[in-house]
Amino acid sequence: MGWIQGQLAAVPVWLTLLIVFLLPMAEPALPLLGMLFPSQTALMASGVLAHHGALPLPAAIAMAVLGALAGNVIGHLVGRRWGPRLVANLPARVTGSPGYRAALHTVGAYSARAVLLGRFNAVLRTLVPVMCGAVGVPWTRFLGLSLLGSLLWAPSCVAVGMIAGGSWQKWGGSGVLAAGGAVLLTSSLPMLLSYLSSRKAQANAPLTTAG
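Quick caveat: nothing in here was measured; it's all calculated off a predicted structure.

## Here we look at the environment of leucine 148
And step 1. Following the sequence through the fold, leucine 148 ends up in helix 10 (residues 139-171).
And step 2. For leucine 148, a relative accessible area of 39% puts it in the partly exposed group.
And step 3. Through-space distance from the C-alpha of leucine 148 to that of leucine 69 is 9.2 Å; in sequence the pair is 79 residues apart.

Right under this line is the structure:
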């Protein structure tokens, strides 16, 4: 562990902070790229670095929050300008995926609140801001909930990384597995809520049309 800490400390701090900013920003701004490089991993890694003293914790959290907020803003603008064209050019494996359908339903059911609900899931985090812009979700409400979601999500991811870094020294792999389980749970919950809401809407649809 000491050797790994030395290697991590050798990475320039400014470059690490830039990555912590850019990956959350790129997720919703470039949805296809965001699906390939989930930013949550980078934020957790920054927490590990902060735990070992190789990265200033306040700077890591600040860059993560700013990157997440900037990504949502850009994603909303992209959706307003190129939303229909962007959706038309998405591969069928994306538009036909459960994650894409869940994002579509989440935006339709929750409007601006979808950006807060989806912040804790990689697929929703990537797609929801663009979809919100495409359907014309009001800008001010979207911005306020984006800020709230960024302030909740970014410090949580960094904190999980710090816990994982400390857990390895104290409890070995079991501590890291516990931290990973917490991340998996919080990441899966929004998708589960969206899925249950979608099933409920489908079950109630015949009753609505019959009336």
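What follows picks up the thread again.
## Overview of the packing of helix 2 (residues 13-29) against helix 5 (residues 57-88)
And step 1. Relative to each other, helix 2 and helix 5 sit at 25°, their axes nearing to 7 Å. Considering their axes alone, helix 2 and helix 5 lie roughly parallel with respect to each other. Note that helix 2 runs across helix 5; the crossing there is right-handed.
And step 2. Residues of the contact of helix 2 with helix 5, tallied by class, amount to 16 nonpolar, four polar and no charged.

## Observations regarding unusual backbone geometry
And step 1. Phi at serine 111 takes a positive value of approximately 55°, unusual for a residue other than glycine.
And step 2. Positionally, serine 111 belongs in the loop between helix 7 (98-110) and helix 8 (114-117).

## What about the confidence of the model for the protein?
And step 1. Taken as a whole, the protein shows an average pLDDT of 75; of its residues, 70% reach a score of 70 or greater.
And step 2. Overall, residues 1-7 carries pLDDT values under 50, and its contacts beyond four positions in sequence, including any with other chains, amount to four contacts.

## A closer look at helix 4 (residues 39-51)
And step 1. Between the first and last C-alpha of helix 4 there are 19 Å, a value that for 13 residues agrees with the 18 Å anticipated at 1.5 Å per step.
And step 2. Within the sequence span of helix 4, burial applies to Ser39, Gln40, Ala42, Leu43, Ser46, Gly47, Leu49 and Ala50.
And step 3. Positive backbone phi, approximately 80°, marks glycine 53, located one or two places after helix 4.

## Remarks on the nonpolar core
And step 1. Counting 17 residues, the largest nonpolar core has Tyr100, Ala103, Val107, Val128, Met131 and Cys132 as its most contacted members.
And step 2. Here this core takes five residues from helix 9 (residues 122-134), the largest share from any one element.
And step 3. Ignoring any residue separated from it by four or fewer positions in sequence, one finds cysteine 132 in contact with His76, Val107, Ser111, Val137 and Phe142.
And step 4. The next biggest cluster of nonpolar side chains, apart from the first, holds nine residues, and it includes Val20, Ala64, Ala154 and Cys157.

## Things to note about the packing of aromatic side chains
And step 1. Tallying each qualifying case throughout the model produces one aromatic pair.
And step 2. The ring of tryptophan 153 is capped by arginine 119, whose NZ or CZ atom sits 4.6 Å from the centre of that ring.

Calculation notes
Residues numbered from 1 in each chain as written. Predicted model: local features only at pLDDT ≥ 70, side-chain atom pairs only at ≥ 80, totals over all residues. Heavy atoms only, no water. Helix = DSSP H or I, 4+ residues; strand = E, 2+ residues; numbered from the N terminus. Buried < 20%, exposed > 50% of the residue type's maximum accessible area, 1.4 Å probe, protein only. Axes fitted to C-alpha atoms, helices over the stretch in contact; angles between N-to-C directions. Parallel < 35°, antiparallel > 145°, perpendicular 65-115°, else oblique. Left-handed = near helix turned anticlockwise from the far one by under 90°. Nonpolar A, V, L, I, M, F, W, Y, C, P; charged D, E, K, R; others polar. pLDDT = per-residue confidence, 0-100. Contact = heavy atoms within 4.5 Å. Expected span 1.5 Å × (residues − 1). Core = buried A, V, L, I, M, F, W, Y, C linked by side-chain atoms within 4.5 Å. Phe/Tyr/Trp six-rings, centres within 6.5 Å; stacked < 30°, edge-to-face > 60°. Lys NZ or Arg CZ within 6 Å of the ring centre and 35° of its normal.

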